[in-house]
Amino acid sequence: CYTPGNSQTAGFGTGGICGGSGISFITASLNHGEVTGYAGVGGIIGSTRIGGSGSTSDPMTYNTTYLRYCGNTGNVSGDNSIGGLCGEAQFGCFGGYNTGNISGKGDYVSGGVGNTSLGVAHNMVNTGNVSGRNFVSGIISKTEFGSVAFSQNYGNITSKNASTHTGGLCAI
């Protein structure tokens, strides 16, 4: 798949290639367009959320998505769960990259994936600048379980709330 540069704008689950999906495997896809949404916004895929409110008693649940050799060069923006490649999902990525600037008004903003219950990122690179309020990072902003290996961040990471989790690779 290839998006040449047209902008994508929507609310929940907005992506440069795919807004949302069930269990998915996306390979060799590239987005050049700007992507703007509310929650679950990503350069490749927006959200795979299938349930949950996010509270302690009702955690969010996601379908699994795996990206291989995918890239984003467009700017991505929204409120919460914003990522250069994926906004929110049970996420795996090998050989992905982001060069676009990523900005969120709220939480879980990253050059890779914003919010994930299970995140794996191997050989992933971010060179775009990333800014958000809480949980801001270059590769994975929030994951409960996961692995980051052979991944690099070269972009500036800016948190609007200095007392929260912010990291070059992972925020929490």
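Residues numbered from 1 in each chain as written. Predicted model: local features only at pLDDT ≥ 70, side-chain atom pairs only at ≥ 80, totals over all residues. Heavy atoms only, no water.

### Topic: the packing of aromatic side chains
Piece 1. Summed over the entire model, instances satisfying the criterion amount to three aromatic pairs.
Piece 2. Seen from their ring centres, Phe25 and Tyr66 are 5.2 Å apart, and the 25° between their planes marks the pair as stacked. Residue Phe25 is located in strand S5 (residues 24-27), and its partner Tyr66 is located in strand S12 (residues 64-68); the two are separated by 41 residues in the primary sequence.
Piece 3. Phe25 sits in the exposed class, given a relative accessible area of 54%.
Piece 4. Classification of Tyr66 as partly exposed rests on a relative accessible area of 26%.
Piece 5. For the ring pair Tyr69 and Phe94, a centre distance of 5.7 Å and an interplane angle of 80° mean the geometry is edge-to-face. Of the two residues, Tyr69 sits in the loop between S12 and strand S13 (71-72) while Phe94 sits in strand S17 (residues 90-94), which places them 25 residues apart along the sequence.
Piece 6. Positioned over the ring face of Tyr108 is Lys142, at 5.8 Å from the centre of the ring. (Phe/Tyr/Trp six-rings, centres within 6.5 Å; stacked < 30°, edge-to-face > 60°. Helix = DSSP H or I, 4+ residues; strand = E, 2+ residues; numbered from the N terminus. Buried < 20%, exposed > 50% of the residue type's maximum accessible area, 1.4 Å probe, protein only. Lys NZ or Arg CZ within 6 Å of the ring centre and 35° of its normal.)

### Side note on the environment of Gly54
Piece 1. As for its placement among the helices and strands, Gly54 is situated in the loop between strand S10 (49-51) and strand S11 (61-62).
Piece 2. C-alpha separation for the pair Gly54 and Ile23, spaced 31 residues apart in sequence, amounts to 20 Å.

### Structural notes on unusual backbone geometry
Piece 1. Unusually for a residue other than glycine, Phe135 sits at a positive phi of about 60°.
Piece 2. You can see Phe135 is positioned in strand S24 (residues 134-137).
Piece 3. Its identity as a non-glycine residue notwithstanding, Phe150 has a phi of 55°, on the positive side.
Piece 4. Exposure remark for Phe150: the relative accessible area of 68% places this residue in the exposed category.

### Side note on the pairing of strand S20 (residues 107-110)
Piece 1. With two bridges joining them, strand S15 (residues 80-83) and S20 adopt parallel strand pairing. Across the sheet, the residue bridging to Ile82 is Val109, located in S20.
Piece 2. Of the pairings in the sheet, the one linking S20 to S24 comprises three bridges and is parallel in character. If you follow Asp107 over to S24, its bridge partner there is Asn134. (Pairing = 2+ DSSP bridges.)

### Re the sheet that holds S20
Piece 1. Pairing within the open sheet is parallel, and its six strands lie in the order S3-S8-S15-S20-S24-S28. Where the open sheet ends on each side, the last strands, each with one partner, are strand S3 (12-15) and strand S28 (166-167).
Piece 2. Alignment of S3 against strand S8 (residues 39-42), held across three bridges, turns out to be parallel. Bridge pairing in S8 links Thr14 to Val41.

### With respect to the pattern of salt bridges
Piece 1. Using the criterion set out here, one finds three salt bridges in the structure.
Piece 2. Ionic pairing is found between Asp107 and Arg133, a salt bridge with its closest N-O pair at 3.1 Å. Taken as a pair, Asp107 in strand S20 and Arg133 in the loop between strand S23 (130-132) and S24 lie far apart in primary sequence, 26 residues in all.
Piece 3. We classify Asp107 as buried; its relative accessible area is 14%. (Salt bridge = Lys/Arg side-chain N within 4 Å of Asp/Glu carboxyl O.)

### Quick notes on the pairing of S17
Piece 1. Two elements, S12 and S17, share five bridges in a ladder whose sense is parallel. Residue pairing for S17: Tyr66 is matched across the bridge by Gly92.
Piece 2. Pairing analysis gives four bridges linking S17 to strand S21 (residues 113-122), with the strands arranged parallel. Its bridge partner lying in S21, Phe91 is registered against Gly119.

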